[in-house]
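If you want the building blocks of each chain, they are given just below.
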Amino acid sequence: MDTKINTVGIRSLTKILSKNSEMQMPEKTGYKVLALIAGLGIMIPCTLIVGFISYVMTEALLEAGSPGGGMLFEMQILSAFSMIFGILIIFSVMFFSSDREHFVTLPIPSHHLMMAKFLYAYFAESVMEFLVLIAVFIGYFIAIGRNVGLSAAIHPVSILGAVLGIFLIPLVPMLYCAIFSLVLMASLSKVKNTKTFYRISTIFMMLFAGLFLLSLKGIGDINMENYVESLGSGSNILLRTLNIVFFPVPWLSKAISEGSILWLLLSVLGNALILVIFFFLGKALYQRGLYTAASLGSSKKASIKANDISDSSQFKASLMKELHVILRTKAFSGNCAYINILWPVGAFMLFHFTRDKGGMASFIEMYQMGKERAGMIMLMVVISIAFIATALNSLASTAFTREGQHLSLIKFIPVPYETQMYAKAAVSVMFTLPMLMLTDIVICAYLHAPFYIGVFYMIVMALAHIISLVIGMLMDSSAPYVEWDDEYSALRGNLNTFFNMAIMMVLCLVVVGLGLLIYELLKLPLTVYYVVMLVILAVVMVRMVIVGKKKIIENMGNMS
């Protein structure tokens, strides 16, 4: 086997993988408008928020004598999350993508294919992180310039370190994921169940959560001030652990904060060392891992039993097919189904840890006193949660994309389009709506809201959920992404998912703005205001369902 590094060949393979694994922008004016909305509604606001957090943390840690501490903590948190969520991506891209059988038959050295797949996964997964890191560094430099001086902020080594850091910080966790997947696939060659591999991400998440909870120990009251102080003093267990695991990151932080070329060189060499280890491990183990993946594929196909398919009503059969696709596919189950659990859990953690502190305590007190402005704000919050939760889980915006290259079967199976459409909508309702209802219960329990208010919140959340669902299915039926190689590409490379989220964020702003105008200009009593908002949502929902149903069925008839 050729053991030389053919960089030209690797670049060519990377380009091929990138082209075949991302949805191409449809030549429609509407999609160009959506791309603009997505940039303005998601990417820019997210980066601005992160930049502001970096600025605030840097200013706070300047007082503690650790000007680079906030930047370091953010870089390490990004590294940790890259590894947690990157492990499944790396497993899928390197070993379980559908193009594996095509590439292995070509006269391409296996380690060249491995490097191309890794580079593709690295760039595809890191685009948003690149933007976030740019915001982190800008926020840091602004804070340094304001407090220490412009000359310290624009030191050439510091600027160079920040530019390199944008690309190097996501590299280490992705390399760790790739190395881990190589070793695991080669050493567990007799394992015939892919769940063994996919459970690793859950283990990483539990370890990270455990470290985070441990880092709260000994800081006193759980608040941002005490946590920042633990970062500045160097006593934060989470940060200390991450500094060991992702060891080039603190070196890069020192290079940027101190303007040290030595620390910068050490950081680059650290990244290079991990990359070299990955390359030589790949030469030794990747081919064996591909054999393991092939045997897993064969085993998986053999495990499908005849009793998986049974006679049923058309709707029930279509619904069961949708459920099987989602629950039996790790990418879909984790990112589309189980992700909804985050909403009630997040609401519980938010209220449980902040109900007696700061602004949250004041808001709860205002709400319990019957202040109308607090009631208005809470209504806007629950409506926004329903919009965003539905878009975030991608169940609606991948309804037709999940069919992949079998999309044409929609036209030929003896099931009416309307029945298939209802089945796809039903899975979104089944996985999303109960979690929204549970989130409402958690919120109302901590607010001590009356029972009828809780029921009212459930109704408006259901209306917002259906509106978001119809919009997502409309988009995906108009331009489904079917030429994907693995399920993660179906989610990650699907522009419909991204644009649907952008639309929902804009819609949230519209609803909140409209709600504020109605409240401030008309001076309606809170009860009347609730009724007005309910009627508006109900009218929009009914209109969306009537028009959307007709258009989705029309789009299904045009699919090929």
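Residues numbered from 1 in each chain as written. Predicted model: local features only at pLDDT ≥ 70, side-chain atom pairs only at ≥ 80, totals over all residues. Heavy atoms only, no water.

A closer look at the overall build of the protein chain
Along the protein chain, the regular secondary structure elements total 24 helices and zero strands. Split into buried and exposed, the 560 residues of the protein chain put 49% on the buried side. For the protein chain, long-range pairs separated by at least 24 residues make up 83% of all intrachain contacts whose partners lie at least 6 apart in sequence. Carbon and sulfur atoms make up 70% of the accessible area of the protein chain, which totals about 26,400 Å². (Helix = DSSP H or I, 4+ residues; strand = E, 2+ residues; numbered from the N terminus. Buried < 20%, exposed > 50% of the residue type's maximum accessible area, 1.4 Å probe, protein only. Contact = heavy atoms within 4.5 Å. Areas by Shrake-Rupley, 256 points an atom, 1.4 Å probe, with all protein chains shown as cover.)

Examining the packing of aromatic side chains
Going through the model one piece at a time under the given rule, you end up with 16 aromatic pairs. Between Phe 118 and Phe 278 the ring centres are 5.0 Å apart and the planes differ by 50 degrees, which places this aromatic pair in the tilted class. Of the two residues, Phe 118 is situated in helix α5 (residues 110–147) and Phe 278 in helix α13 (residues 261–302); the sequence distance between them amounts to 160 residues. In this structure, Phe 118 and Phe 278 share a single accessibility class: buried. Measuring from centroid to centroid gives 5.3 Å for Tyr 140 and Phe 141, while their planes differ by 65 degrees, and the two rings are edge-to-face. Pairwise contacts between aromatic rings join Phe 118, Tyr 122, Phe 123, Phe 130, Phe 167 and Phe 278 into one cluster. Positioned above the aromatic ring of Trp 263 is the side chain of Lys 254, whose terminal nitrogen or guanidinium carbon lies 5.4 Å from the ring centre. Geometry around Phe 400 places Lys 424 over its ring, the cationic atom sitting 5.3 Å from the centre. (Phe/Tyr/Trp six-rings, centres within 6.5 Å; stacked < 30°, edge-to-face > 60°. Lys NZ or Arg CZ within 6 Å of the ring centre and 35° of its normal.)

Thoughts on the confidence of the model for the protein chain
In the predicted model, the protein chain carries a mean pLDDT of 80, and the fraction of residues at 70 or more is 77%. Confidence over residues 298–311 falls short of pLDDT 50; this stretch has three contacts with residues more than four positions distant or in other chains. (pLDDT = per-residue confidence, 0-100.)

A short note on the pattern of salt bridges
One pass over the full model with this rule turns up nine salt bridges. Between Glu 403 and Lys 321 there is a salt bridge, with its nearest N and O atoms 2.5 Å apart. Taken together, the positions of Glu 403 in the loop between α18 (372–392) and α19 (409–412) and Lys 321 in helix α14 (residues 314–327) put the pair 82 residues apart, joining distant regions of the chain. Residue Glu 403 is classed as buried on the basis of its relative accessible area, which comes to 16%. For Lys 321, a relative accessible area of 33% puts it in the partly exposed group. Ionic pairing is found between Glu 403 and Lys 424, a salt bridge with its closest N-O pair at 2.7 Å. Taken as a pair, Glu 403 in the loop between α18 and α19 and Lys 424 in helix α20 (residues 417–447) lie far apart in primary sequence, 21 residues in all. Classification of Lys 424 as buried rests on a relative accessible area of 2%. Three or more residues are tied together by salt bridges with common partners; here these are Lys 321, Glu 322, Arg 402, Glu 403 and Lys 424. (Salt bridge = Lys/Arg side-chain N within 4 Å of Asp/Glu carboxyl O.)

A few points about the side chain of Thr 439
Examined against the element boundaries, Thr 439 turns out to sit in helix α20. According to the relative accessible area criterion, Thr 439 is buried, its value standing at 1%. Setting aside residues up to four positions removed in sequence, Thr 439 forms contacts with Trp 343, Pro 344 and Ala 347.

Looking at the environment of Met 57
Its location among the elements puts Met 57 in helix α2 (residues 29–63). For Met 57, a relative accessible area of 10% corresponds to the buried category. Residues Met 57 and Gly 139, 82 residues apart in the sequence, show an inter-C-alpha distance of 9.1 Å.

Some words on the packing of α18 against α20
Between α18 and α20, the shortest axis-to-axis distance is 10 Å and the interhelical angle comes to 155 degrees. Here α20 runs roughly antiparallel to α18, going by the angle between their axes. Like other packed secondary-structure pairs, α18 and α20 cross with a definite hand, here right-handed. Where α18 approaches α20, its residues Met 378, Val 382, Ile 385, Ala 386, Ala 389 and Thr 390 are matched on the opposing element by Ser 428, Thr 432, Leu 436, Ile 443 and Leu 447. Here the contact of α18 with α20 is built from residues that sort into eight nonpolar, three polar and no charged. (Axes fitted to C-alpha atoms, helices over the stretch in contact; angles between N-to-C directions. Parallel < 35°, antiparallel > 145°, perpendicular 65-115°, else oblique. Left-handed = near helix turned anticlockwise from the far one by under 90°. Nonpolar A, V, L, I, M, F, W, Y, C, P; charged D, E, K, R; others polar.)

Concerning the side chain of Glu 322
Of note, Glu 322 is situated in helix α14. The exposure class assigned to Glu 322 is buried, which follows from its relative accessible area of 3%. Looking at Glu 322, its side chain comes within polar contact range of the side chain of Lys 321, at 3.0 Å. At 3.2 Å, the side chain of Glu 322 forms a polar contact with the side chain of Arg 402. Among all residues touching Glu 322, those that are not within four sequence positions of it are Arg 402, Glu 403, Ala 423, Lys 424 and Val 427. (Polar contact = N/O pair within 3.5 Å; in protein donor to acceptor, adjacent residues only side chain to side chain.)

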